[in-house]
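# Chain and residue survey
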Amino acid sequence: MYISMEIERRIKIGEADPAALLGANDVHLHLLESRFPATIVFRNNTLSLRGSPDEIRLLECVIGEMLYVLKRKGALTTADVEEIIELINGTESVDAVSLFSNNSKPNSDVIVWGRKDPVRPRTERQREYVEKVSHCDVVFAIGPAGTGKTYLAVAMALAALRSNRVQRIILTRPAVEAGESLGYLPGDLFEKVHPYLRPLLDAVSDMVSPDKLKQLNEKQIIEIIPLAYMRGRTLNNAFIILDEAQNTTIGQMKMFLTRLGQGSKAIVTGDVTQIDLTSPAQSGLLDVSNILRGIDGIEFVYFEKTDVVRHKLVKDIIAAYERSEHQRSQQKQANDPNEQ
């Protein structure tokens, strides 16, 4: 006797605008239907789902997140829906229900409320990252661009500041030019280093209003400084973020790590495939994993291209460059037997 394994679920959308949720001409609904084999019907302010238990669980997560984003932003785009689906389908080793569990535990994983959206981990590796930072005083986050290393670090720093766990935030970067010379830069110190520190400012600006950021900066509660100006300081009760750490020298990395004072935390982020130093072998980030591994209170998190949460093309771009570099390496070995 054949027993159907299909189940049915109903989701009431409450006060949400059906047109905003389903999209113009039901474009969001059609997108869900194209990605999931389950049957989806909207009637009387209710979405009826019918399919296998696994499909329905994923769909419930996706729709719950769509409702959440719509409520927070007041709008829902096709890009939002695609990103939600991509995050679930692209995270093989994580339970999607725990990743998007707004209905069961509202806001339980929100790190900090930004100016528009809540900031929270969106992949299992990001969850690991947040967990390690909460338990350790020094965490190294290493991996490709777009994996949220710096953005989440800034969010965690602001959360620590707002809860009075630290008294200030220090954001720093090595002032190394990425393959081109910027020449003489006019203006005062801030104006000279501003181009190097802009990515950190962008992350903070997503979470703090311009007036509030200016106020915090003037009071030196948030300091954004080049790495060279860290020398000689002892930073107590501070949350310190070193970004683009692949461009620190071995000496600079040691100098930075020894600035850590009582009641402080440090996050070091970088991508070892994008070293802009004249001698890449001198990168402090390459060196430090061998020196500090195994020390209690220091942890490493390694992100991969599957953790990219920027535009969906970023993941494909990273993979394409990896293939190209591998091909060049093989060609070089074939042309020079001494390299083998």
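See the structure printed just above.
Heads up: these notes are all about the structure in this document. The structure displayed is predicted, hence computed values, not measured ones. (Residues numbered from 1 in each chain as written. Predicted model: local features only at pLDDT ≥ 70, side-chain atom pairs only at ≥ 80, totals over all residues. Heavy atoms only, no water.)

## What to know about unusual backbone geometry
Where we set the bar: Only runs of H or I of at least four residues qualify as helices and only runs of E of at least two qualify as strands under DSSP, and these elements are numbered from the N terminus.
Here the phi dihedral of Asn 164 falls at roughly 65 degrees; this positive angle occurs in a residue that is not glycine. By the secondary structure assignment, Asn 164 is in the loop between helix H7 (149–162) and strand E7 (168–173). Positive phi is not limited to glycine here, since Asn 237 has a value of about 50 degrees. Tracing the backbone shows Asn 237 in the loop between strand E8 (222–226) and strand E9 (238–242).

## Observations regarding the nonpolar core
Test applied: For the purposes of this section, nonpolar cores are sets of buried Ala, Val, Leu, Ile, Met, Phe, Trp, Tyr and Cys residues that join through side-chain atoms within 4.5 Å. For each residue, the accessible area found with a 1.4 Å probe, counting protein chains only, is set against the maximum for its type, and the residue is called buried under 20%, exposed over 50%, and partly exposed in between. A contact between two residues is defined here by any heavy atoms of the two lying within 4.5 Å.
Counting 38 residues, the largest nonpolar core has Tyr 129, Met 156, Ile 222 and Phe 239 as its most contacted members. Of all the elements in the fold, those that place two or more residues in this core are helix H6 (124–135), strand E6 (138–142), H7, E7, helix H8 (189–205), helix H9 (210–218), E8 and E9. In terms of residue count, H7 provides more of this core than any other element does, ten residues in total. When sequence neighbours within four positions are dropped, the list of residues in contact with Phe 239 reads Val 133, Ala 153, Met 156, Ala 157, Ala 160, Val 166, Arg 168, Ile 169, Ile 170, Lys 265 and Ile 267. If you look at the next biggest cluster of nonpolar residues, it comprises 24 residues, including Leu 21, Leu 31, Leu 47 and Val 69.

## Remarks on the sheet that holds strand E1 (residues 7–12)
Whether parallel or antiparallel, the strands of a sheet pair through hydrogen bonds between backbone atoms. How we decide: We treat two strands as partners when DSSP finds at least two bridges between them. The axes are straight lines fitted to the C-alpha atoms, using for helices just the contacting stretch, and the angles between their N-to-C directions are given from 0 to 180°.
The sheet built from three strands is open, its strands ordered E1-E3-E2 with antiparallel pairing. Edge positions in the sheet fall to E1 and strand E2 (39–43), since each has one partner strand and no second. Along the sheet, successive strands turn relative to each other by an average axial angle of 20 degrees, direction set aside. Bridge analysis of E2 against strand E3 (residues 46–51) gives five bridges, and the strand direction is antiparallel. Paired with Val 41 across the bridge in E3 is Ser 48. Of the strands in this sheet, E1, E2 and E3 touch helix H3 (residues 53–73), which is tilted by about 155 degrees from E3.

## Considering the packing of H6 against H7
Rule in force here: When describing relative orientation, an angle under 35 degrees is termed roughly parallel and one over 145 degrees roughly antiparallel, while 65 to 115 degrees is termed roughly perpendicular and anything else oblique. Definitions for this section: a left-handed crossing has its near helix turned counterclockwise from the far helix by less than a right angle. A right-handed crossing has that turn clockwise. For this classification, Asp, Glu, Lys and Arg are treated as charged, while Ala, Val, Leu, Ile, Met, Phe, Trp, Tyr, Cys and Pro are nonpolar and the rest, including Gly, are polar.
At their nearest, the axes of H6 and H7 sit 11 Å apart, and the two run at 40 degrees to each other. In terms of orientation, H6 lies oblique with respect to H7. By crossing handedness, the relation of H6 to H7 is classed as right-handed. The segment H6 lies against H7, with Gln 126, Tyr 129, Val 130 and Val 133 engaging Lys 149, Leu 152, Ala 153 and Met 156. Of the residues contributing to the contact of H6 with H7, the split by class is six nonpolar, one polar and one charged.

## Remarks on the pattern of salt bridges
Short version of the rule: Basic side-chain nitrogens of Lys or Arg form a salt bridge, by our definition, when they fall within 4 Å of a carboxyl oxygen of Asp or Glu.
All chains considered together, the criterion is met by 13 salt bridges. A salt bridge links Glu 299 to Lys 132; its shortest N-O distance comes to 3.6 Å. Placement of the pair is Glu 299 in strand E11 (residues 298–302) and Lys 132 in helix H6, with a sequence separation of 167 residues. Counted as one network, the salt bridges with shared partners bring together Glu 6, Glu 8, Arg 10 and Arg 50.

## Some details on the packing of helix H10 (residues 250–257) against helix H11 (residues 284–292)
The interhelical angle for the contact between H10 and H11, taken along N-to-C directions, is 60 degrees, at an axis separation of 8 Å. Compared by their axis directions, H10 and H11 come out oblique. Of the two elements, H10 crosses H11, and the hand of that crossing is right-handed. Of H11, the residues touching H10 (which contributes Ile 250, Met 253 and Leu 257) are Gly 284, Leu 285, Asp 287, Val 288 and Leu 292. Split by residue class, the contact of H10 with H11 holds six nonpolar, one polar and one charged.

## With respect to a nonpolar patch on the surface
In plain terms, the rule: Only residues above 30% relative accessible area that lack a salt bridge enter a patch, with like-charged residues linked at up to 9 Å and the nonpolar side chains Val, Leu, Ile, Met, Phe, Trp and Tyr linked at up to 5 Å. Note on areas: Shrake-Rupley with a 1.4 Å probe; residue coverage comes only from the protein chains shown.
Residues Leu 313, Ile 317 and Tyr 321 make up a contiguous nonpolar surface patch of roughly 330 Å² in combined accessible area. Take Leu 313: it is sitting in helix H12 (residues 312–335). The exposure class assigned to Leu 313 is partly exposed, which follows from its relative accessible area of 47%.

From the geometry alone we can't say anything about function, so treat these as descriptive.
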